[in-house]
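Descriptive structure summary
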Amino acid sequence: DVYKRPRQYTRTLIHVDQQFRYERPLTAGAYSVSGTVDRVRERSGAWFVTFRAVAECEEGPVVFATSTFLMSNQPAGEPGEDRGEPPARDRNESRSAASASGGVAIEPLPKSASRLDLVRYAAATGDFNPIHWDHASARAAGLDGTVVHGLLMHAWLSQLATTVAAGSVPIVAIKSRFRAPLAPAAAAVAAGEAVKTDGPSADLRLRLSSGGTDMVTATATVRLGEE
């Protein structure tokens, strides 16, 4: 009897990577959003799920998205030392960790999110995964404490990309790889460089770093002006 079986639940949900491709300006208005599970791969008791979505307006597709998630009913690993949580409003922004590794450097952006910021972001986006606001849930998932949303860090890198872009659709495409969790109130720096310029567009290499570690790396293609 299915009702007598132990319940299986997702103990770990990790956002592995995220890609967006923009087709036209993203403006205020009504959109239709649809999505599909494109691929599911099992590896050692964990599932890698590829999800594709598109947001459309009356004129046609606006943005295409591809996401990869790791899902499991087991913790991602053994949590390290319990670091506790900072005061709810604490942030720590510093420009000290940014450096170019080649190409034309982009002016870095200092970033940090308080625990209150994460609750606000969850309310704005609907992403209430408890690893972002509940310490016990984060520890049970194998983390040292709560962590910043992956898409918030992606947004910081998108913001950095727009500082050298122009036009009504400044970002053509951007793909982020989430490499390490960022703790609330930790100082981070969004930095990068232009590695290739081809007419009206440029290819960027971006990263969000904290304490000498890359938490997120990304590549982006941006427009330098209207064609």
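Note that the coordinates shown come from a computational prediction; the quantities given were computed from them, not determined experimentally.

This paragraph deals with the overall build of the protein. In terms of helices and strands, the protein carries three helices and nine strands. For the protein, the sequential pattern of α-helices and β-strands runs β-β-β-β-β-α-α-α-β-β-β-β. Scaling as 2.2 N^0.38, a compact globule of 227 residues should have a C-alpha radius of gyration of about 17 Å, and the protein matches this with 19 Å. Projected onto its principal axes, the C-alpha coordinates of the protein cover approximately 60 × 45 × 35 Å. Of all 227 residues assigned to the protein, the portion counted as buried reaches 39%. The contacts in the protein between residues at least 6 apart in sequence include a share of 66% that link residues at least 24 apart. In the protein, 25 positive and 25 negative side-chain charges are present, and the distance between their average locations comes to 4 Å.

By the definition in use, this model includes nine salt bridges. In this structure, Asp-117 engages Arg-91 in a salt bridge whose closest nitrogen and oxygen atoms are separated by 2.5 Å. Of this pair, Asp-117 sits in helix H1 (residues 115-125) while Arg-91 sits in the loop between strand S4 (60-72) and strand S5 (104-111), and the two are 26 residues apart along the sequence. Assessed through its relative accessible area of 48%, Arg-91 is described here as partly exposed. Salt-bridge contacts for Arg-205 lead to Glu-193; the nearest nitrogen and oxygen are separated by 3.0 Å. Separated by 12 residues along the polypeptide, Arg-205 in strand S8 (residues 201-210) and Glu-193 in strand S7 (residues 188-198) bring together distant segments of the chain. Each of the salt bridges in this network shares a partner with another, and the network as a whole consists of Arg-91, Asp-117 and Arg-120.

The subject of this paragraph is a nonpolar patch on the surface. On the surface, Val-37, Val-40, Trp-47 and Phe-51 cluster together to form a nonpolar patch covering roughly 360 Å² of accessible area. Mapped by element, the contributors of at least two residues to the nonpolar patch are strand S2 (32-43) and strand S3 (46-57). Inspection of the secondary structure assignment puts Trp-47 in strand S3. Overall, Trp-47 belongs to the partly exposed group, its relative accessible area being 38%.

Locating Ser-210 in the fold gives a position in strand S8. Among the polar contacts listed, one links the side chain of Ser-210 to the backbone oxygen of Ala-187, at a separation of 2.6 Å. Excluding residues that lie within four positions of it along the chain, Ser-210 makes contacts with Leu-182, Ala-186, Ala-187, Ala-188 and Met-215.

Take the side chain of His-132 next. Summarising the element assignment, His-132 is placed in the loop between H1 and helix H2 (135-140). The exposure class of His-132 is buried, given its relative accessible area of 8%. Residues contacting His-132, with those up to four places away along its chain left out, are Leu-118, Asp-127, Thr-146, Val-147, Val-148 and His-149.

Take Arg-89: it is sitting in the loop between S4 and S5. C-alpha separation for the pair Arg-89 and Arg-139, spaced 50 residues apart in sequence, amounts to 21 Å. Once residues lying within four places of it in the same chain are set aside, the contact partners of Arg-89 are Ser-114, Leu-116 and Arg-120.

Scoring rules and cut-offs
- Residues numbered from 1 in each chain as written.
- Predicted model: local features only at pLDDT ≥ 70, side-chain atom pairs only at ≥ 80, totals over all residues.
- Heavy atoms only, no water.
- Helix = DSSP H or I, 4+ residues; strand = E, 2+ residues; numbered from the N terminus.
- Rg over C-alpha atoms; globule rule 2.2 N^0.38 Å.
- Buried < 20%, exposed > 50% of the residue type's maximum accessible area, 1.4 Å probe, protein only.
- Contact = heavy atoms within 4.5 Å.
- Lys, Arg positive; Asp, Glu negative; His and termini not counted.
- Charge placed at Lys NZ, Arg CZ, Asp CG, Glu CD.
- Salt bridge = Lys/Arg side-chain N within 4 Å of Asp/Glu carboxyl O.
- Patch = residues over 30% accessible without salt bridge, like charges linked within 9 Å, V, L, I, M, F, W, Y side chains within 5 Å.
- Areas by Shrake-Rupley, 256 points an atom, 1.4 Å probe, with all protein chains shown as cover.
- Polar contact = N/O pair within 3.5 Å; in protein donor to acceptor, adjacent residues only side chain to side chain.

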